Amino acid sequence: MDDVSDQYSPADVEAAIDDYWDDHDAYEATKAAHADDPTFFFVDGPPYTSGQMHLGTAWNKTLKDAVIRQKRMTGHQVTDRPGYDMHGLPIEVKVEEELGFESKQDIEEYGMEAFIEECKTFAEDNRVAMDDDFQSIGAWFDWDNPYKTISPEYMEAAWYGFKQVADRGLVEQGKRSISQCPRCETGIANNEVEYDQVEDPSIYVKFPLADREGSLVIWTTTPWTIPANTFVGVGEELTYQKVRATKGGDEDVLYIAAECVDDVLGKGRYDDYEIEAELDGSELVGWEYDHPLAEEVPDYPSFEGAGEVYTADFVEADRTGLVHSAPGHGEEDFHRGQELGLDIFCPVAGDGTYTDAGGKYAGQFVRDANDDITADLDANGALLAEETYTHSYGHCWRCDTDIIQLATDQWFISITDIKDELLDNIEEAEWHPQWARDNRFRDFIENAPDWNVSRQRYWGIPIPIWVPEDVDSEDDLHEQMIVIGTREELVERADQDIDPDDIDLHRPTVDDITITEEGTTYRRIEDVFDVWLDSSVATWGTLDYPTETEAFDELWPADLIIEAHDQTRGWFWSQLGMGTAALGESPYNEVLMHGFANDKHGRKMSKSVGNIVTPEEAIDRAGRDPLRAYLLSHDQQGVDLSFDWDGLGSMVGTLNICWNVFRFPLTYMDLDGYDPAEPDLSEGELTTVDEWVLSRLQSVIEETSEAWADYRIDDALNTVLDFVTEDVSRFYIKATRERMWEEGDSPTKLGAYATLATVTNAVIRLLAPVTPYMAEEMYQTIDGSETTVHALDWPEVDDDLRDPQLETDMAVLRDVEEAAANARQRGGRKLRWPVSRVVVETDDDEVASAVENLADLLGERVNTRAIDVVSEFDELIEYADPQMGEIGPAFGGGAQDVMNAVEGATRDEVEAGIEVNGETVDLDDEMVEYRKEPPEHVTGTDFEGGTVYVDTTLTDELESEGYARDVIRRIQEMRKELDLDVESEISVGLAVDDDRVAGFVDEHRDLISEEVRAAELTDAPSEDADRLETWEIEDTEVEIGVSVIAEQTA
RNA sequence: GGGCCGAUAGCUCAGUCAGGUUGAGCGCUCGGCUGAUAACCGGGAGGUCCGCGGUUCAAAUCCGUGUCGGCCCA
């Protein structure tokens, strides 16, 4: 047996086990051990390779790792290929920063191919670093073979999926209003937009009516969108007022929502006004107005239907109650414009500058044009008021540039066409927690817009769409397109000679490939996929499908995915969308959604607040197993974690108890040559506590297994930890330790060995998924017949060992014991001193029989000579409590004296007649109430089933043993200070500074000598003793000298 | 602005689904044990169950509303 460290040192255990795992290929051995088990297809959500592991990703990978380990132990062959998400704008932006680029122009000049190579290097370098990070927390995945979204097989998986979507007619091209980053010059997804408070202009503008007097008043924070104004929206249900307002000598007729009139006129500094008419919103519909920048922007929307009032359901009685609408920009405006059949006018290019259609403003950056436009509106007499407004406004998640809304040509997956199918498919997957699916996820899907999958960028999977070189119409490209699904198909249809095994599907290689069919030459569109599309195909990308088909046919769809709640709108969604659109099914059957790691106050960790805790620091300060156990001991289902150093420290303490429980019996077993690997419970004699702890173990195995099956991992872990600390350490070992040092082949010792070994073997397995290092160290120490603890089977409940009645009885015993300890403490009698009796008063038969069944054990534990169980403790004394409400009126001026006489008297005394000032007074029953108290030297404490009374009355015999035990304890302490071996003999000199106490001690000379292994015990401590100390025992000074006779007798 | 989640002891969290005397660990404090010993164990103090309103014989729990924190969306 290896030496076992006295002290649980996570760092040492983990370093040793890391080496052990390496040297013995433990990971491979684990997989081999479960190679023939039923499959379990887990899919790793790929982290993005732009940074390092943080506490949240550490939690995520730890949770996945624990689930995988546990699944394996319950007999599954688990797919554990880790993934990395390696394309996309974030990496492009970081590389641009490194290279000092400011725009797409710089990339083009640098060369697309070289730029993409830089992106690839960046992603790959980060991936390698993240590999190390994840392995540092003990995550066992197939690190030699991760799936990377930039590999040809994976990119093909995306093409394949997209092709299925296209075949179902769900790929469309068209103008949509999207969020555009003018610096990156690409559309970005809504979830790539971050919001922040910014100060923008806030202007009120008068749109002069064409066929009647007055103006419509609108409000906007984006003056730059006014050139594209196409219509004005009003609320159908709102009421509008025509007001004639005066300012100085001027007069304006304005149309404003009734609720807004005062406010708007205040902003415009009008002196006075009159309401001339009141109209419903619907009455304004069809009114025409003149574009306020008609001169500056000659190409302004003047087509059929433009420049009119329409109803729009997004209009509220806010600001003016009339909304300036530009379908070429805003998303709501765009949708309403489509409904109304209006043309889309957008005079802004992808880089945020006005095109020629912008007239006077052509070439100017839109946000820079705000001032000019406001000034021109003013000059045109259209500006009613101007101020600023601070509100949340979106900016690019990567480069922080303020986004702009533009209607541009994009490619879409028409999610809205398959909404019903999506909603049905939600039901196919079971979620933990379920509310996340039925509330959050369902809400999101019900509102999901079409998925814009095109990005006008470089580092991504090129969209496999080829369109005719000379297209006639931009509008129906999706009807003329060719979509390529595999490399093989590309080779077959391409005009060029391509080696399918060799081709890099990235830009710019694929850009040069053309397809000519039926006389038409097709060229690839230049866009790449939104990076969310990459990970959306992970369930088959993990399996290298369609390059390889066998694994897909056997495994798909995924049995389980595990991510944090931000992925509801991310990966949980993108996969369902893609799976449904491409293959008609949910690509996963079960979802475990965990939370975020916040700081101890529940606030998000951030650099600027300075509250970031790194996994490295946590591992440094506590250890990997403690960190893992800490993270997994909290709710894993949808709830955030408030990381707290003290909590992590407590976990170290708890694991230390596990360590001590494990190591405690090993010394004795070793001395006796007992092999804890194969405990045989029939070999020795089992006592009640053995049977009890074995029964408890079965309950714990059952509860833990059920919790794992529900992914209530915190419950599973805490059940085991509670069992070890409360049942095994606190109770079982305390009750059993003496049996450890019985001599020879004592049957009860063997029974204790077998019991502890059985418990330990099971607990090691139950802890292995969460604290793999510690569990491995324990397993290799006591057994080691398998290469790794993870090759073992998960423990199963042994019904023969269950005894529910005993578990119930023992629970009662523990309550009674606790109450007795409390009574002892209050009675001032420490446990080392025996008491004469303990009385348990209860009217509950269950409690009475439990105490009677376990009386011997209880007697030992509370150190009493006797235990009585009674339904009523008849020694209680009733003390009088005078009721002044009755006594006062009856005795008047003498009441005070009566009270003093009655107070504290016993019932017997009161009933015998109380004397006050020499006279016996008559007391009615109502004048005195009684409270029951135990007699002197007896202390009672309530517990759930009754009351426990401890009689601390001393007798010479009890006192004698008490002193003897105290002396033994002091000598043992001195042995420890001398660092003596258990076997070493000593000589003891003992001088007690009190004759009575000396007599007590003397009565137990034999006991003392035996307990402390003293060869001789004299009354005179020698000045030459190896250790000489004076102790105070219950106010008596005792001088003790200890000398070593022989270091070792053996 | 909207959806979802959370708020319980100084701290971290159970308990909320299914209403019935709020619990644990840590910390604090007092103590015990002593062949697990730089280990282990017990007692005590400590609560506006986030605020307000409602339903009910009874609300931490159900309903409404507000505040704060988190995620997502606009």
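Cut-off values and rules
Residues numbered from 1 in each chain as written. Chains lettered and ligands numbered in written order. Predicted model: local features only at pLDDT ≥ 70, side-chain atom pairs only at ≥ 80, totals over all residues. Heavy atoms only, no water. Helix = DSSP H or I, 4+ residues; strand = E, 2+ residues; numbered from the N terminus. Rg over C-alpha atoms; globule rule 2.2 N^0.38 Å. Buried < 20%, exposed > 50% of the residue type's maximum accessible area, 1.4 Å probe, protein only. Contact = heavy atoms within 4.5 Å. Areas by Shrake-Rupley, 256 points an atom, 1.4 Å probe, with all protein chains shown as cover. Lys, Arg positive; Asp, Glu negative; His and termini not counted. Charge placed at Lys NZ, Arg CZ, Asp CG, Glu CD. Salt bridge = Lys/Arg side-chain N within 4 Å of Asp/Glu carboxyl O. Pairing = 2+ DSSP bridges. Axes fitted to C-alpha atoms, helices over the stretch in contact; angles between N-to-C directions. Patch = residues over 30% accessible without salt bridge, like charges linked within 9 Å, V, L, I, M, F, W, Y side chains within 5 Å. UniProt positions renumbered as here; feature names shortened; annotations may be inferred. Core = buried A, V, L, I, M, F, W, Y, C linked by side-chain atoms within 4.5 Å. Domains from an automatic or database assignment. Phe/Tyr/Trp six-rings, centres within 6.5 Å; stacked < 30°, edge-to-face > 60°. Lys NZ or Arg CZ within 6 Å of the ring centre and 35° of its normal. Parallel < 35°, antiparallel > 145°, perpendicular 65-115°, else oblique. Nonpolar A, V, L, I, M, F, W, Y, C, P; charged D, E, K, R; others polar. Expected span 1.5 Å × (residues − 1). Buried area = accessible area lost by both parts, 1.4 Å probe. Polar contact = N/O pair within 3.5 Å; in protein donor to acceptor, adjacent residues only side chain to side chain. Arc of directions from axis to C-beta.

K.L.:
Help me get a handle on the overall build of chain A, residues and values and all.
P.N.:
The helix and strand tally for chain A stands at 36 helices and 41 strands. A compact globule built from 1050 residues should have a C-alpha radius of gyration of about 31 Å, whereas chain A, at 42 Å, is more than 25% larger. When the 1050 residues of chain A are sorted by exposure, 56% land in the buried category. A separation of at least 24 residues holds for 77% of the contacts in chain A among residues at least 6 apart in sequence. In the structure as shown, chain A presents an accessible area of about 45100 Å², 40% of it carried by carbon and sulfur atoms. Between the mean site of the 79 positive side-chain charges and the mean site of the 243 negative ones, chain A shows a separation of 2 Å.

K.L.:
Can you break down the environment of Gly913 residue by residue, with the values?
P.N.:
Note on placement: Gly913 falls in the loop between helix H33 (907-912) and strand S33 (915-916). Of the residues examined, Gly913 reaches a relative accessible area of 30% and is grouped as partly exposed. Once the C-alpha coordinates of Gly913 and Ala157 are considered, the two residues, 756 residues apart in sequence, prove to be 101 Å apart.

K.L.:
Residue-level account of the pattern of salt bridges, with values.
P.N.:
Opposite charge on two side chains permits them to pair, given that their charged atoms come into close proximity. Inspection of every chain in the model, using the stated rule, returns 65 salt bridges. Glu156 is paired through a salt bridge with Arg487; the nearest N and O atoms lie 2.9 Å apart. A residue pair is termed long-range when its members are at least 10 positions apart, and Glu156 in helix H7 (residues 152-167) and Arg487 in helix H15 (residues 487-493) qualify at 331 residues. Arg487 carries the same exposure label as Glu156, and that label is buried. Ionic pairing is found between Asp644 and Lys600, a salt bridge with its closest N-O pair at 3.6 Å. Of this pair, Asp644 sits in the loop between strand S29 (641-642) and helix H22 (645-663) while Lys600 sits in the loop between strand S28 (597-598) and helix H20 (615-621); the two residues are 44 residues apart in sequence, bridging distant segments of the chain. Of the residues examined, Asp644 reaches a relative accessible area of 21% and is grouped as partly exposed. The network of salt bridges with common partners includes Glu213, Lys242, Arg244, Glu251 and Glu276.

K.L.:
Describe the pairing of strand S9 (residues 215-220), listing the residues and the values that go with them.
P.N.:
The buried fraction of S9 amounts to six of the six residues, a majority that puts the element mostly inside the structure. Burial of the side chains of S9 extends over both faces: Ser215, Val217 and Trp219 are buried on one face and Leu216, Ile218 and Thr220 on the other. Bridging between strand S8 (residues 193-208) and S9 involves six bridges; their strand directions are antiparallel. Bridge pairing in S9 links Lys206 to Val217. Counting the residues in the hairpin turn of S8 and S9 gives six residues, including Gly214, whose phi is positive at 105°. Relative to strand S12 (residues 250-257), S9 runs parallel, the two sharing two bridges. Each bridged residue has a counterpart across the sheet, and for Leu216 the counterpart in S12 is Tyr255.

K.L.:
Could you give me a rundown of the sheet that holds strand S24 (residues 520-524), with the residues and numbers involved?
P.N.:
Read from one edge of the open sheet, four strands run S22-S21-S24-S23, paired in antiparallel fashion. Sheet topology places strand S22 (482-483) and strand S23 (514-517) at the edges, where each strand pairs with a single neighbour.

K.L.:
Go over the sheet that holds strand S11 (residues 239-247) with me, naming the residues and quoting the values.
P.N.:
Judged by pairing direction, the sheet is mixed, and its six strands sit side by side in the order S13-S11-S12-S9-S8-S16 without closing on themselves. Edge strands, defined here as strands with exactly one partner in the open sheet, are strand S13 (272-280) and strand S16 (383-396). Recorded for the sheet is a direction-independent mean angle of 30° between the axes of neighbouring strands. Pairing of S11 with S13 involves eight bridges; the strand directions are antiparallel. Bridging from a neighbouring strand, Gln241 pairs with Glu278 of S13.

K.L.:
Account for a negative patch on the surface, with residues named and values stated.
P.N.:
Taken together, the side chains of Asp19, Asp22, Asp23, Asp25, Glu28 and Asp144 make up a negatively charged region of the molecular surface. The element that contributes the greatest number of residues to the negative patch is helix H1 (residues 10-24), accounting for three residues.

K.L.:
Talk me through the UniProt feature "binding site: ATP" (unreviewed entry) in chain A; I want residue IDs and the actual numbers.
P.N.:
When the UniProt feature table is mapped onto this chain, "binding site: ATP" (unreviewed entry) is found at Lys607. The topology assignment puts Lys607 in the loop between S28 and H20. According to the relative accessible area criterion, Lys607 is exposed, its value standing at 78%.

K.L.:
Residue-level account of the nonpolar core, with values.
P.N.:
Among the nonpolar cores identified, the biggest contains 134 residues, and Phe643, Phe723 and Met810 are the most heavily contacted of them. If one sorts the elements of this core by residue count, helix H25 (residues 713-740) sits on top with 13 residues. Here this core gathers at least three residues from each of two domains, domain 1 (1-35 + 609-802) and domain 3 (808-874 + 939-951). Beyond its immediate stretch of four places on either side in the chain, Met810 contacts Thr688, Val689, Trp692, Phe731, Leu854 and Leu857. Membership of the second largest hydrophobic core comes to 71 residues, among which are Trp159, Tyr160, Ala494 and Trp556.

K.L.:
Explain the packing of aromatic side chains to me, and be specific about the residues and the numbers.
P.N.:
Aromatic ring pairs are defined here through the distance separating the ring centres and the angle between the ring planes. Scanning all chains against the criterion turns up 36 aromatic pairs. Each ring, one from Tyr27 and one from Trp140, has its centre 5.8 Å from the other, and the planes form 70°; the classification is edge-to-face. With Tyr27 in helix H2 (residues 26-33) and Trp140 in the loop between helix H6 (112-136) and strand S5 (147-148), this pair connects stretches of sequence that are 113 residues apart. Comparing Tyr27 with Trp140 shows no difference in burial state: the two are buried. For the pair Tyr630 and Phe643, a centre-to-centre distance of 5.4 Å together with 85° between the ring planes defines the contact as edge-to-face. With Tyr630 in helix H21 (residues 624-632) and Phe643 in the loop between S29 and H22, the pair connects residues that are 13 residues apart, well separated along the chain. Just as Tyr630 is buried, Phe643 falls in that class too. In textbook terms, an aromatic cluster arises when at least three aromatic residues are bridged by ring pairs, as seen for Tyr160, Trp540, Tyr545, Phe552 and Trp556. When the ring centre of Phe141 is taken as origin, the NZ or CZ atom of Lys61, which lies over that ring, is 5.7 Å away. Stacked on the ring of Tyr389, the Lys or Arg Arg319 has its end atom at 4.8 Å from the ring centre.

K.L.:
Please provide a residue-by-residue account of the packing of H22 against helix H27 (residues 772-782), values included.
P.N.:
Running from N to C, H22 and H27 cross one another at 5°; their axes reach a closest spacing of 12 Å. The orientation of H22 relative to H27 falls into the category roughly parallel. Packed against H22, whose contacting residues are Leu655, Cys658, Trp659 and Phe662, the element H27 presents Met774, Glu777, Met778, Thr781 and Ile782 at the interface. Here the contact of H22 with H27 is composed, by residue class, of seven nonpolar, one polar and one charged.

K.L.:
Explain the environment of Trp532 to me, using residue names and the numbers behind them.
P.N.:
Positionally, Trp532 belongs in helix H16 (residues 531-536). On the accessibility criterion, Trp532 (21% relative accessible area) is partly exposed. Along the primary structure Trp532 and His87 are separated by 445 residues, whereas in three dimensions their C-alpha atoms are 9.5 Å apart.

K.L.:
Before we move on, can you summarise helix H19 (residues 571-583) with the specific residues and values?
P.N.:
Compared with an ideal rise of 1.5 Å per residue, which puts 13 residues at 18 Å, H19 spans 17 Å between its outermost C-alpha atoms and is within 8% of the ideal. Within the sequence span of H19, burial applies to Trp571, Phe572, Trp573, Ser574, Gln575, Leu576, Gly577, Met578, Gly579, Thr580, Ala581 and Ala582. One or two positions beyond H19, positive phi appears at Gly584, with a value near 75°.

K.L.:
So what's going on with the domain arrangement of chain A? Which residues, and what values?
P.N.:
On domain assignment, one finds that chain A holds domain 1 (1-35 + 609-802), domain 2 (193-408), domain 3 (808-874 + 939-951), domain 4 (877-933) and domain 5 (956-1044). Its C-alpha centre places domain 3 at a distance of 31 Å from the equivalent point of domain 5. Between domain 3 and domain 5 lies a buried interface of about 810 Å² when both sides are counted; carbon and sulfur atoms form 54% of it. It is Arg832, Trp833 and Arg865 that lose the most area in domain 3 upon contact with domain 5, and together they represent 70% of the buried surface on that side. Counting across the interface, domain 3 meets domain 5 through three salt bridges. Of the charged contacts in the structure, one is a salt bridge between Asp966 and Arg832, with a shortest N-O distance of 2.6 Å. Taken together, the links from domain 3 to domain 5 amount to five residue pairs in polar contact (both at pLDDT 80 or more). Counted by class, the side of domain 3 that touches domain 5 contains three nonpolar, one polar and three charged residues.

K.L.:
If you had to explain helix H35 (residues 995-1003) to someone new, which residues and values would you point to?
P.N.:
Working note: α-helix, 3.6 residues per turn, so residues spaced by three or four point in the same direction. Along H35, the residues classified as buried are Val997, Phe1000 and Val1001. Viewed along the axis of H35, the buried residues span an arc of 95°, placing them on a single side of the element. Away from its buried face by more than 90 degrees, H35 exposes Asp995 and Glu1003. Its side-chain oxygen placed 2.9 Å from the backbone nitrogen of Arg996, Asp994 serves as the N-cap of H35.

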